Each structure stands twice: as C-alpha cells, then as structure tokens.
Amino acid sequence: MEVFVVSLLNGLVYGMLLFMLASGLTLIFSMMGVLNFAHASVYMLGAYFAYTISLYVGFWPALILAPLLCGLIGAAIEMWGLRRVHRHGHVAELLLTFGLALIIEKVVQMTWGLLPVPYRIPELLDFPLFRVYGTQFPAYRAFMLLISALMFGAIWLGLRRTRVGLVIQAALTHPEMASALGHNVPRIFTLVFAAGTALAGLAGVIGGNYQVTEPAMAFTMGPIVFVVVVFGGLGSLTGCFIASIFMGLIQTFAVVFDVSLADLLAQFGIAVTASTPFAEVLNVTLPRIGALLPFLLMVLILVFRPRGLMGTRDT
Amino acid sequence: MTLLRRNWPWLVALAVLLAFPFLFYDWTRGRHSGFALTLMSEIGVMAIFALSYNMLLGQAGLLSFGHAVLFGLGAYCAAHTVNLVKAGTIWLPTELVPLAGGLGGLFFGFVLGWLVTKQRATAFAMITLGLGELVSAAALMFMGFFGGEGGITIDRVMDTSLLGVRYTSPWQVYCLVLGWAFVAAVLMRLQMQTPLGRMANATRDNFERAQFVGYDPRRVRWMQFTLAGFFAGVGGGLYVMIYEIVTFDTVSAVKSANALLAVYIGGAGAFFGPVLGTIVVVLLQSGVSLLSNAWLLYVGVLFIVMVMYAPVGLAGLIGMHAPLWRTGRLRELLLPYLRALPPALMLFLGFVLLVELTSFTTIGAAQGKRFAIGGQTIDTTSPLPWAIAVAALGVGAFWLRREAHAFRLRWDALMEDAKRQAGAP
C-alpha cells in the first residue's frame with residue numbers, strides 16, 4: 001500500500017510535467033501539422049535560462065522570465081523559419097525543427113558546458129510537506145503539481161472562454177474556413193507556437209531542478225513527449241492530459257513491480273527454463289523494460305488506432 | 001556495346017574510386033595510408049546506407065527516423081554468420097558475408113515493414129521513431145543476440161575466400177567495400193526503373209490516384225521498405241567487415257539521423273545526391289571532429305541552410321545549372337559567382353570564428369585546450385577576437401544579401417535566355 005501511494009503521487013508529478021510539455025506540442029501539432037522536434041530542446045533551454053537567471057535575481061523572477069524568453073524564441077522560429085519552409089510541405093517543416101534540435105543541443109553544450117549545472121530547488125520550497133507511511137513528500141513536488149494544474153486550468157479557460165481561444169479552436173479543426181472568415185491564421189500560428197514553446201520553457205523551469213539540468217535532457221524527454229501527443233490524439237487537450245498522466249503512472253509503476261512474463265506463466269504452471277524458446281524475452285523484468293513501454297504503446301496505437309485515444313482525426 | 005556506351009560514367013567512377021587511394025600511397029614505405037582507406041571504406045558503407053534510405057525518402061516519400069534499425073540488425077546478422085562460419089557450423093565465402101547482412105535486413109524489413117507500412121506520412125515517421133527507440137533499448141537488454149554493451153566482435157580473417165584473399169589489410173577490405181557498393185548502387189539504380197520503383201513514385205506523389213489505378217499503396221510501401229532493408233543490411237554487413245565489431249549504436253537514432261542528414265544535404269531528388277551528402281557528412285564527421293568540438297553544430301547549420309534555402313540539395317543545385325551548360329553559357333556565371341565569394345567567405349569565417357571562440361571558452365577550457373590558429377594562441381577572454389568575429393558575420397551577411405540580389409537578377413536573365421534558345425528550334 002505504501003509503495004502504491006508513493007508511486008501514485010510520483011507518477012502524478014511526472015505525468016503533470018509531461019502534460020506541460022505535451023500540451024504545447026499537441027496544440028502546435030494539431031493546428032499546423034508540424035511535429036516540433038525542437039519542443040523538448042526549448043524545455044531544456046527553459047531549464048538553463050532559469051538556472052542562469054536564478055544565479056542573479058533568484059528563482060521567482062526566473063519562473064516568469066525564462067518562459068517569456070522561450071516564447072520569444074518560439075515566435076522567432078515560427079516567423080523566420082517555419083513560415084519560410086511552409087511551402088515545401090510538412091516534411092520540410094519537420095526537418096527544420098529536427099535541425100534546430102541538433103543545433104540547440106550543441107549551443108547549450110557550448111554555452112553551459114557538457115556537465116550538468118547545479119540548478120537547485122529554491123530554499124523556500126525545500127522542505128518535506130507531509131509524510132505518507134514514513135516516506136517524505138517534498139513541498140516542491142506539490143508546487144509542481146500546483147503550477148501544472150493552474151496551467152491546465154488557464155489553457156482550458158483561455159480556449160473555452162476567450163475570443164482568441166475560440167478562433168484558435170476554429171483554426172485547429174478548420175484552418176481554411178477560419179482563414180476564409182477573415183481571421184489572420186498565420187498570426188494565430190505564431191501566437192500558438194510562441195505560447196506552446198513558452199509552456200515548454202515553463203516546464204523546463206520547474207522540471208530542470210526536479211530532474212537534472214544537462215545537455216542530454218532534451219534527448220531523453222523528447223521522444224516520450226511525442227508518445228504522449230500521439231497517444232492522446234490530435235486536437236484533443238483532454239486526450240493529451242489523460243495520456244500524460246497515464247504515461248507518468250506507467251513509467252513510475254513499472255519501476256516498482258519486479259515481475260516478468262516468466263512469473264506470469266508460472267502462475268499457470270508453466271515453468272520457464274534456459275532451454276525454453278525466447279527464455280531471455282520471458283525473463284526480462286518489468287523495471288528493465290519500463291522505459292520501453294511508452295514506445296511499445298505508441299507503435300501499437302499508431303498501427304491500430306492512428307487517431308489516438310481521443311483524437312478527432314488521423315495523425 | 002550500347003550498354004557500355006550509355007553507362008560509361010559508372011565505369012569511370014569505379015576506376016577513379018579504385019585509383020583514388022593511391023593518391024595517399026606512401027611510396028617510400030610501399031604501403032597504403034590506413035586512415036584514408038578506412039575513411040573511404042566508411043564513406044562507401046554509409047553511401048549504401050544513405051542510398052537505401054533514399055529508396056524510402058526520395059522514391060516513396062516515406063520519412064523514416066529508424067532506418068538504422070535495418071542497418072544494425074543486418075550488421076548483427078552478418079556478425080553472427082561470420083562467427084558461425086568460424087565455428088565451422090556453416091560454410092560461406094568471405095565475400096558473401098555482406099549478403100548475409102542483406103538477407104538479415106530483408107527479413108527484418110519484411111517483418112517490421114508489415115507493422116510500419118500500415119501508415120504513411122507523419123504517422124509513418126512516428127512509428128519508425130518509436131521502433132528505433134524500441135530496438136536500440138532492446139539491444140542493450142538482450143544479451144544473446146545483441147551482446148549487450150560490448151556488442152558482438154568477429155575476426156574477419158577467414159579461410160573461405162573465393163578469391164583466396166584473407167582481408168588482413170585495409171586495402172583488401174576497401175576493395176570488398178567498393179565492389180559491394182558498386183553492385184548495390186547498380187541494383188538500386190535498376191530498381192528505380194522497375195514497375196515497383198515507378199509505383200513507389202506514384203504513391204509518393206498521389207497515393208489516392210495510385211489506388212485508383214489498381215495498386216495497393218500499402219503493398220508498394222511494404223515491398224519498397226523490405227528492399228530498402230536488404231540494401232541497408234548489405235551496408236551493415238560491410239560495416240562489420242570493416243570494424244570487426246557491431247554494437248548497439250549501429251541501431252541508434254544517431255545513425256538514422258546521419259542517413260537523413262546525408263540524404264537531405266546531398267539531395268533526395270537525384271540518384272547520386274545521397275552519395276554526395278554522405279561524402280560531406282562523413283568528411284565533416286571524421287575530418288572536422290579532429291579539429292573542432294562543434295562539428296555537429298556545423299552539420300546542423302548546413303542542414304538547416306539546405307532545408308530553408310535549397311531543399312533540392314547539393315545534387316539539385318548542380319542540376320539547376322544543366323540548361324546553362326547545354327547552351328554553353330555557364331561561364332557567364334563565373335563573374336557573379338566570384339563576386340559572391342568574398343562576402344560568403346567572410347560570413348563563413350566570421351561564423352566559424354564565433355563558434356570556435358564560444359566552444360573554446362567552455363568545452364575547450366574544461367578539456368584544457370587552447371585556441372590557436374597557425375601557432376598563434378588566441379586569448380578567448382579578450383574582446384578583440386569576438387568583435388572581429390561579430391563584425392565579419394554582420395558585414396558578410398549584409399554584403400552577401402546585396403550580391404545575392406545581383407546574382408539572382410543575372411541568373412533569371414540567363415535562365416530566360418536558355419529557355420528561349422531551347423524553345424526556338
């Protein structure tokens with residue numbers, strides 16, 4: 001029970017972090033059809049910006065400034081990069097962001113060095129909030145949950161209750177029609193792209209000190225965020241939310257349960273020995289393949305249900 | 001005879017490539033330069049890999065992020081085959097080891113292809129990305145086939161050679177690579193003209209119409225994917241023969257990305273584009289990485305410049321000059337090119353200086369290296385070199401913009417003339 005509650009909480013924190021990244025990506029992807037490979041790179045940039053800013057003026061201004069900087073970078077990418085290659089089709093756009101991801105990783109290495117930087121949790125939040133069955137739950141994780149929940153609420157209200165949100169929703173499903181009605185769709189694209197990257201930056205600010213701020217963090221996070229977006233389905237923020245939490249929980253729980261297929265077969269009275277065919281596959285324990293599960297799920301869902309969990313159209 | 005007359009460039013290329021290593025031949029000691037030969041063998045292998053990648057991207061319009069899976073699995077199959085031959089379990093000539101890799105690639109291309117080719121476009125790209133991650137993680141997990149982090153090692157010196165060659169020297173290996181690369185390139189070129197190759201083009205351009213004509217686009221994709229797997233596997237088999245080891249990074253995303261970079265920089269539209277791109281990427285990778293920490297940044301920037309300004313790639317850029325070549329007015333472009341050269345050079349040098357300064361203040365300093373040009377050490381903390389770099393970058397960019405405008409006017413005028421001349425008679 002103890003393991004279950006602790007894993008549930010940790011999975012929730014990780015899932016919400018995933019959601020902060022994936023929500024921006026899913027908006028960009030469903031609207032412009034661009035799978036932004038540089039999204040996780042901006043997440044990394046957010047963490048590094050926050051680290052540098054917090055060295056001078058502290059963590060709290062960084063919480064505002066770093067996402068703003070990331071949003072500006074996003075707007076620049078959209079206006080001078082994506083819009084230019086747009087006429088060459090989606091593949092060119094995808095390749096552009098792919099190249100940007102390479103460059104950003106290298107620039108980060110060159111600016112902040114190859115080793116992790118000591119980006120730490122602010123002292124104000126560095127205490128255990130409560131205990132579950134003797135395990136401490138840090139206040140910072142609660143803060144992460146709070147920020148991401150606030151953000152989810154803000155996006156939800158923004159999309160449902162404001163005029164801009166309505167136009168975005170219209171452009172999300174019917175870009176040509178929204179454009180024909182006189183809305184400036186390219187400007188909405190820039191806005192959404194900037195907002196999406198700013199969200200990724202915010203995720204970087206609060207995720208960078210929860211995980212490790214290092215040049216490889218974009219590479220480890222990027223593919224998982226893709227999985228979440230594809231799994232949740234195009235054009236659906238709710239699907240994205242469910243997928244994020246689901247992936248967070250899967251990844252955390254997979255580490256906890258030390259079982260393998262061989263154990264499962266043993267329940268039915270089939271013993272797996274070294275001579276059994278595929279013995280190696282059957283003997284692999286769940287924690288070892290935990291990192292694989294999201295990709296397995298993504299491949300399966302793309303093959304059998306390409307529109308994802310709650311998507312409105314095919315990928 | 002007509003075959004020879006039409007295909008002489010292929011034979012010339014083969015002869016040139018066979019003679020090329022002798023440029024680096026050490027006549028005083030009477031032996032080949034090992035570095036040059038290994039580099040050229042690497043280019044040969046990666047060229048096959050890039051060409052097979054272009055069977056998907058260029059011919060069928062399928063953007064794959066996991067092509068290295070087929071390359072790597074082919075390499076593993078070849079490595080196991082060599083070890084079986086060594087153990088005496090099976091008999092196979094040394095020269096046919098890459099074929100074993102190819103058959104491995106064919107098998108996995110067929111099996112995995114069933115899964116991935118159910119979708120096209122972005123969904124295809126995502127499935128291959130996921131598959132690539134799956135296989136590279138599995139490579140570290142299953143010791144039996146992949147050998148874990150240590151990989152599978154082989155000894156390529158076997159007694160089963162058909163030609164009586166033992167492949168102990170890099171020169172012999174280079175000849176093997178060249179032979180297989182030539183055969184693979186010819187086969188891939190011929191495949192483009194088969195009905196399958198043509199239908200792959202059709203499904204790329206308009207898969208709905210291809211359906212109306214009566215073809216199943218999915219089957220076309222599947223067969224194309226399987227064949228691409230075969231050639232990638234041949235590349236993998238040659239890789240094993242060169243390095244005598246295969247590890248999990250042959251299936252990694254980095255390897256797949258390399259193929260994508262090579263194909264796109266070289267140009268996916270022309271058959272030899274990927275080869276051109278491979279030469280550029282491998283030379284940057286092996287040559288520049290000796291001098292600079294930032295080679296990946298240069299490749300990335302080159303890639304972005306190509307995506308933004310020249311999506312046809314290097315081969316496409318060269319091909320654009322063909323009408324002028326035919327009308328014999330190519331030399332009129334010489335002056336505009338010469339005029340654009342100084343600002344381009346200035347921009348390039350400014351950029352390189354800026355990158356290297358940054359790289360040496362952080363990574364270089366951490367490794368205890370100093371920035372030196374021609375024996376002259378440059379102090380990366382003083383503002384002067386930075387100012388020079390930024391100035392060169394700014395002025396170069398501004399100047400190049402103006403020259404590019406003038407160049408464009410001249411180009412358009414020449415093209416207009418060429419078109420009129422071609423239309424007149």
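Predicted model, so just to flag it, every value in this text is computed and none were measured.

## Description of the interface of chain B and chain A
Counting from both sides, the interface comprises 41 residues of chain B and, opposite them, 43 residues of chain A. Note on chain B versus chain A: buried area summed over both sides is about 3,900 Å², and carbon and sulfur give 83% of it. Counting the surface chain B buries against chain A, the share from its top three residues, B:Met126, B:Met141 and B:Met308, is 16%. Counting across the interface, chain B meets chain A through 0 salt bridges.

## Some points on the confidence of the model for chain A
This prediction gives chain A a mean pLDDT of 82; 94% of its residues lie at or above 70. The least confident element of chain A is helix α12 (residues 279-283) of chain A, whose mean pLDDT is 69; the most confident is helix α2 (residues 39-56) of chain A, at 90.

## Some points on helix α8 (residues 170-193) of chain B
All names here are of chain B. Between its first and last C-alpha, α8 extends 35 Å over 24 residues, near the 34 Å set by a 1.5 Å rise per residue. Three or more residues of α8 are buried, namely Val 173, Tyr 174, Leu 176, Val 177, Leu 178, Trp 180, Ala 181, Ala 184, Ala 185, Met 188 and Gln 191. Close packing links the buried residues of α8 with α2 (8-19), α3 (34-60), α5 (97-116), α9 (195-205) and α11 (217-243).

## Some words on the packing of α3(B) against α8(B)
All names here are of chain B. Axis separation between α3 and α8 bottoms out at 9 Å; the angle between their running directions is 15°. Comparing the axis directions of α3 and α8 gives the class roughly parallel. Considering how the two elements wind past one another, α3 and α8 form a crossing that is left-handed. Counting all contacts with α3, which are made through Leu 37, Met 40, Ser 41, Gly 44, Val 45, Ile 48, Leu 51, Ser 52, Met 55 and Gln 59, the residues of α8 involved are Pro 170, Trp 171, Tyr 174, Val 177, Trp 180, Ala 181, Ala 184, Ala 185, Met 188, Gln 191 and Met 192. Here the residues of the contact of α3 with α8 are counted per class, giving 16 nonpolar, 5 polar and no charged.

## Focus: the pattern of salt bridges
All names here are of chain B. One pass over the full model with this rule turns up 4 salt bridges over all chains. Residues Asp 155 and Lys 86 are paired through a salt bridge, measuring 3.6 Å at the closest nitrogen-oxygen approach. Within this pair, whereas Asp 155 is found in the loop between β1 (152-153) and α8, its partner Lys 86 is found in helix α4 (residues 68-87), the two being separated by 69 residues in sequence. One salt bridge connects Asp 205 with Arg 204, and the closest N-O pair in it is separated by 2.9 Å. Assessed through its relative accessible area of 36%, Arg 204 is described here as partly exposed.

## Brief notes about the domain arrangement of chain B
All names here are of chain B. Here the domain parsing of chain B yields domain 1 (2-317) and domain 2 (321-423). Using only C-alpha atoms to locate each centre, domain 1 and domain 2 end up separated by 32 Å. Listed per partner, the contact involves 7 residues of domain 1 and 10 residues of domain 2. Here domain 1 and domain 2 share an interface that buries about 620 Å² over both sides, 53% of which is from carbon and sulfur atoms. When the buried area of domain 1 at its contact with domain 2 is split by residue, Asn 293, Tyr 298 and Leu 317 rank highest and sum to 68% of it. Inspection of the region where domain 1 meets domain 2 yields 0 salt bridges. Connecting domain 1 to domain 2 are 2 residue pairs in polar contact (both at pLDDT 80 or more). With 3 residues, helix α14 (residues 295-309) is the largest single contributor of residues to the side of domain 1 that touches domain 2.

## Side note on a nonpolar patch on the surface
Residue and element names in this part refer to chain A. Together, Leu 55, Tyr 56, Val 57, Ile 64, Leu 65 and Leu 68 line one region of the surface with nonpolar side chains, adding up to about 670 Å² of accessible area. Those elements giving two or more residues to the nonpolar patch turn out to be α2 and α3 (59-85). Per-element tally for the nonpolar patch: the top contributor is α3, with 3 residues. In this fold, Leu 65 is placed in helix α3. Among the residues examined, Leu 65 registers a relative accessible area of 40% and is labelled partly exposed.

## What to know about the side chain of B:Asn54
Among the structural elements, B:Asn54 can be located in helix α3. Setting aside its immediate chain neighbours within four residues, B:Asn54 contacts B:Gln59, B:Val263, B:Ala268, B:Ala270 and B:Pro274.

## Some thoughts on the environment of B:Thr160
All names here are of chain B. Inspection of the secondary structure assignment puts Thr 160 in the loop between β1 and α8. It is 58 Å that separates the C-alpha atoms of Thr 160 and Glu 332, two residues lying 172 residues apart in sequence. Ignoring any residue separated from it by four or fewer positions in sequence, one finds Thr 160 in contact with Val 85, Trp 91, Leu 92, Pro 93 and Thr 94.

## Some points on the packing of aromatic side chains
The relative placement of two aromatic rings is captured by the distance of their centres and the angle of their planes. Tallied over the entire structure, the rule returns 37 aromatic pairs over all chains. Ring geometry for A:Phe152 versus A:Trp156: centroids 6.2 Å apart, planes at 55°, classification tilted. Taken together, the residues A:Phe152 and A:Trp156, both in helix α5 (residues 139-161) and 4 residues apart, mark about one turn of the helix. Given a relative accessible area of 19%, A:Phe152 falls into the buried group. Taken together, a centroid distance of 6.2 Å and an interplanar angle of 75° make the contact between B:Trp10 and B:Phe182 edge-to-face. Taken together, the positions of B:Trp10 in helix α2 and B:Phe182 in helix α8 put the pair 172 residues apart, joining distant regions of the chain. Owing to a relative accessible area of 18%, B:Trp10 belongs among the buried residues under this scheme.

## Some points on unusual backbone geometry
When glycine is set aside, most residues are seen to have a negative phi, and most peptide bonds are trans. Look at B:Glu244: it is not a glycine, yet its phi comes out positive at around 60°. With respect to the helices and strands, the residue B:Glu244 is situated in the loop between α11 and β2 (245-246).

## Looking at the confidence of the model for chain B
Summing up the model confidence of chain B, the mean pLDDT is 83 and the portion of residues at 70 or higher is 96%. Between the elements of chain B, mean pLDDT differs from a low of 68, seen in strand β3 (residues 372-373) of chain B, to a high of 91, seen in α11(B).

## Considerations on the packing of helix α12 (residues 253-266) of chain B against α14(B)
Residue and element names in this part refer to chain B. Look at α12 against α14: their axes get within 9 Å of each other, and the N-to-C directions meet at 45°. Here α12 is positioned oblique relative to α14, judged by the angle of their axes. Of the two elements, α12 crosses α14, and the hand of that crossing is left-handed. Packed against α12, whose contacting residues are Leu 261, Tyr 264 and Ile 265, the element α14 presents Val 299, Leu 302, Phe 303, Met 306 and Val 307 at the interface. Residue classes in the contact of α12 with α14 are distributed as 8 nonpolar, no polar and no charged.

## Remarks on the state of the cysteines
A covalent bond bridging the sulfur atoms of two cysteines is what the word disulfide describes. On inspection of all chains with the given rule, the structure shows 0 disulfides over all chains. A:Cys240 takes part in no disulfide bond, and the closest cysteine sulfur, belonging to A:Cys70, lies 18 Å away.

## Section: helix α14 (residues 293-304) of chain A
End to end, α14(A) covers 16 Å across 12 residues, agreeing with the expected 16 Å (1.5 Å per residue, within 8%). Residues A:Leu293, A:Pro294, A:Phe295, A:Met298, A:Val299, A:Ile301, A:Leu302 and A:Val303 constitute the buried set of α14(A). Close packing links the buried residues of α14(A) with α9 (217-232), α10 (237-256) and α13 (286-289) of chain A together with α5 and α6 (121-141) of chain B.

Calculation criteria
Residues numbered from 1 in each chain as written. Chains lettered and ligands numbered in written order. Predicted model: local features only at pLDDT ≥ 70, side-chain atom pairs only at ≥ 80, totals over all residues. Heavy atoms only, no water. Contact = heavy atoms within 4.5 Å. Buried area = accessible area lost by both parts, 1.4 Å probe. Salt bridge = Lys/Arg side-chain N within 4 Å of Asp/Glu carboxyl O. pLDDT = per-residue confidence, 0-100. Helix = DSSP H or I, 4+ residues; strand = E, 2+ residues; numbered from the N terminus. Expected span 1.5 Å × (residues − 1). Buried < 20%, exposed > 50% of the residue type's maximum accessible area, 1.4 Å probe, protein only. Axes fitted to C-alpha atoms, helices over the stretch in contact; angles between N-to-C directions. Parallel < 35°, antiparallel > 145°, perpendicular 65-115°, else oblique. Left-handed = near helix turned anticlockwise from the far one by under 90°. Nonpolar A, V, L, I, M, F, W, Y, C, P; charged D, E, K, R; others polar. Domains from an automatic or database assignment. Polar contact = N/O pair within 3.5 Å; in protein donor to acceptor, adjacent residues only side chain to side chain. Patch = residues over 30% accessible without salt bridge, like charges linked within 9 Å, V, L, I, M, F, W, Y side chains within 5 Å. Areas by Shrake-Rupley, 256 points an atom, 1.4 Å probe, with all protein chains shown as cover. Phe/Tyr/Trp six-rings, centres within 6.5 Å; stacked < 30°, edge-to-face > 60°. Disulfide = S-S within 2.5 Å.

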